[in-house]
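Structural description and commentary
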Amino acid sequence: MTAGKLRPVPAAAIAEWHETADVVIAGYGIAGVSAAIEAARSGAQVLILERTSGWGGAAALAGGFVYLGGGTPLQRALGFEDSAENMEKFLLAAVGPGADAAKIADYCRGSLEHYDWLVGNGVPFREALWDEPGWEPPHDEGLAYSGGENAAPFNAVASPAPRGHVPRMRDKRTGERGGGYMLMKPLAETAEALGVRVSYDVRLTRLIVDGERVVGVLARRYGREIAVRAELGVVLATGGFAYSEQMVADHAPRLIGRPGAAIEEHDGVGILAATAFGAATAHMDATEVAFFGDPQMMARGILVNGQGQRYVTEDTYPGRIGQATLFHQDNQAFLVIDEQAHEEALATETATPVFRVPPTWAAETVAELEADMGLPELALQTTVEVYNTYAAQGLDPLFGKKPEWLRPLTGAVAAFDLRGATAGFPLGGLRTDLDSRVLHVSGEPIPGLFAAGRCTAGICTGGYVSGASLGDGSFYGRRAGLAAAKGEVE
Ligand SMILES: Cc1cc2nc3c(=O)[nH]c(=O)nc-3n(C[C@H](O)[C@H](O)[C@H](O)COP(=O)(O)OP(=O)(O)OC[C@H]3O[C@@H](n4cnc5c(N)ncnc54)[C@H](O)[C@@H]3O)c2cc1C
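Residues numbered from 1 in each chain as written. Predicted model: local features only at pLDDT ≥ 70, side-chain atom pairs only at ≥ 80, totals over all residues. Heavy atoms only, no water.

**Remarks on the overall build of the protein chain**
How we decide: Secondary structure is summarised from DSSP: a helix means a run of H or I of at least four residues, a strand means a run of E of at least two, and numbering begins at the N terminus for each. Here the globule rule is a power law, 2.2 Å times the number of residues to the power 0.38, and the radius of gyration is based on C-alpha atoms. Note on classification: 1.4 Å probe, protein chains only; a residue is buried when its accessible area is under 20% of the maximum for its type, exposed when over 50%, partly exposed between these limits. Contact between two residues is taken to exist if any of their heavy atoms lie within 4.5 Å; hydrogens are not considered.
Along the protein chain, the regular secondary structure elements total 15 helices and 21 strands. Here the protein chain has a C-alpha radius of gyration of 24 Å; the compact-globule value for 490 residues is 23 Å, and the two agree. C-alpha extents for the protein chain along the principal axes are approximately 75 × 45 × 40 Å. Counting only residues that meet the buried cut, the protein chain has 60% of its 490 residues in that class. Of the contacts formed within the protein chain by residues at least 6 apart in sequence, a portion of 73% connects residues at least 24 apart.

In structure tokens:
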């Protein structure tokens with residue numbers, strides 16, 4: 001893709017408009033469908049342009065966590081107290097640095113209404129809690145901790161409440177489906193029942209502009225260029241840039257060669273087409289990071305870096321472990337565990353059996369293990385000695401692991417080589433305001449242009465919580481649809 005091909009095209013140069021709608025949305029994933037529903041309910045004629053042959057995007061493949069709180073009916077039914085202020089306190093601590101305080105406050109205050117909106121549009125949540133270390137619930141539990149809320153250091157910052165809301169992972173007609181699919185399906189059905197039109201196999205390439213206003217998009221359909229006119233507004237909902245090698249190299253180079261939890265269609269085109277018209281971006285270096293360690297084993301063992309030293313709370317959200325490993329430990333990590341803990345962990349259920357591989361090294365003593373791992377003599381032994389001394393007292397003064405997971409490592413020990421065991425997707429993108437208006441580098445909204453989802457910088461600007469992408473994608477997707485249907489930018 002060259003910069004020339006991305007430059008906006010003046011409306012005066014368009015000889016024929018192939019399609020017209022009030023609101024034109026590029027991308028039929030979570031942000032696009034949410035925008036479509038709200039724009040259609042506001043009375044706008046809506047057209048979605050989707051590059052692939054079906055709805056869903058990354059959202060339909062996702063585990064399905066939607067980050068919601070403030071005392072949702074599901075939280076309350078399961079006995080958890082939460083408030084918008086408590087949620088905000090947690091997010092401000094967990095998702096920075098550089099957290100967008102206005103967006104976080106807005107998101108937390110709107111969370112209860114957003115839960116009701118999802119349920120009202122047919123998204124099912126089962127009243128059951130998954131309260132074990134893990135990436136996702138192994139069954140169809142509707143609620144889980146998904147950001148380290150109940151682990152150090154955040155359990156001392158805000159009162160812990162689970163906020164990972166997972167749509168029920170079952171569809172009687174089609175069999176087992178993931179939570180993301182069960183989120184997208186009722187929303188897509190709602191959109192289409194509202195009369196939203198969809199053109200599949202249509203790929204947005206450039207914006208069409210009239211002076212300072214965006215009035216449509218150029219797109220490719222089966223190799224031919226088409227011009228699509230938007231009477232009121234264009235919504236960009238094309239996903240992030242995990243699969244643009246150039247953009248990853250330029251902005252988030254730690255992710256080079258390790259895209260994860262994204263789809264190949266996340267090639268950054270929405271971001272580039274808008275920046276070619278002067279749009280501002282934010283937090284382009286921020287990334288979500290998945291870590292391929294078994295959370296049940298991590299909580300029971302210790303994670304050490306390339307020097308054999310602990311560096312993170314092992315019982316926290318695995319995405320936080322991933323960021324700590326990739327950002328601060330040069331992607332060097334080993335999980336050390338004793339035989340008893342290993343057996344206990346293997347007896348637990350997991351949604352990610354793929355992480356349950358045999359250990360890389362096993363030894364009778366920590367000294368032998370240390371030598372087998374190639375660590376300097378005493379490096380690991382000292383770490384284990386310090387850990388064991390405090391664990392025997394139910395304490396972890398270095399990282400604050402909870403007492404329930406603390407037990408001295410004894411007897412035969414093993415280690416898993418987790419060097420390079422990370423993948424992720426960028427969190428940065430177009431700078432938008434609370435109405436999802438795309439902001440120009442001057443700070444002014446660009447008339448006629450709206451965006452949501454991972455082509456924008458959302459609520460996470462450094463740290464991450466599972467559910468933030470489906471959460472802010474749907475939340476600000478709705479705002480984009482509402483604002484676009486109004487048309488005018490004041
Ligand atoms: C396996 C997996 C698990 C995940 N688990 C979670 C989770 O539990 N919770 C969570 O919050 N997030 C999760 N994510 C991430 C989340 O799914 C995405 O970040 C989220 O879907 C982004 O929303 P979006 O609307 O921006 O993009 P998408 O949902 O991907 O939608 C973008 C759509 O735009 C289309 N498109 C792209 N380019 C163009 C173009 N040029 N023209 C027209 N259409 C275009 C794409 O084909 C796609 O359909 C997961 C992702 C994966 C893959």
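**Quick look at the site of the ligand**
We count it as follows: Each residue is tested against the molecule or strand, and it is near if at least one of its non-hydrogen atoms lies within 4 Å. In protein, a polar contact requires one atom able to donate a hydrogen and another able to accept it; more generally it is a pair of N or O atoms within 3.5 Å, and residues adjacent in sequence count only if both atoms are side-chain atoms. Each accessible area is a Shrake-Rupley estimate made with a 1.4 Å probe; only the visible protein chains count as cover when residues are assessed.
Taken together, 37 residues form the shell around the ligand, and within it Glu50, Ala58, His266, Arg454 and Leu470 come nearest. Alanine 58 places a main-chain nitrogen or oxygen 2.8 Å from an oxygen atom of the ligand. Glycine 63 places a main-chain nitrogen or oxygen 3.2 Å from a nitrogen atom of the ligand. Expressed as a share of its isolated accessible area of 990 Å², the protein-covered part of the ligand is 93%.

**Observations concerning the nonpolar core**
Filter applied, for reference: Here, nonpolar core refers to any group of buried Ala, Val, Leu, Ile, Met, Phe, Trp, Tyr and Cys residues whose side-chain atoms link them within 4.5 Å.
Counting residues in hydrophobic clusters, the biggest one holds 70 residues, and the most contacted among them are Val23, Ile25, Val46, Leu91, Leu118 and Leu187. Those residues in contact with isoleucine 25, other than ones at most four positions away along the chain, are Gly32, Ala35, Ala36, Val46, Leu47, Ile48, Leu49, Val235 and Ala237. Ranked by size, the runner-up nonpolar core spans 37 residues in total, among them Leu6, Leu204, Val234 and Val248.

**Remarks on helix H2 (residues 30–41)**
Basically, it comes down to this: The span expected for a helix works out to 1.5 Å for each residue beyond the first.
For H2, which comprises 12 residues, the first-to-last C-alpha distance of 17 Å matches the rise-based estimate of 16 Å (1.5 Å per residue) to within 8%. Most of H2 sits out of view: 11 of its 12 residues are buried. Turning to H2, its buried residues are Ile30, Ala31, Gly32, Val33, Ser34, Ala35, Ala36, Ile37, Glu38, Ala39 and Ala40. Packed against the buried residues of H2 are strand E2 (19–26), strand E3 (46–50), helix H6 (111–120), helix H7 (179–193), strand E11 (224–236) and helix H15 (468–486). Residue glycine 43 follows H2 closely and has a positive phi angle near 100 degrees.

**Notes on unusual backbone geometry**
Following glycine 96, the chain continues to proline 97 via a peptide bond in cis, the omega torsion being 5 degrees. Considering the arrangement of structural elements, one finds proline 97 in the loop between helix H4 (84–94) and helix H5 (101–109). Proline 153 follows alanine 152 through a cis peptide bond whose omega is 0 degrees. Phi is positive for aspartate 201, which is not a glycine, with a value near 60 degrees. Note that aspartate 201 resides in the loop between strand E8 (197–200) and strand E9 (202–210). Using a relative accessible area of 23% as the deciding quantity, one classes aspartate 201 as partly exposed.

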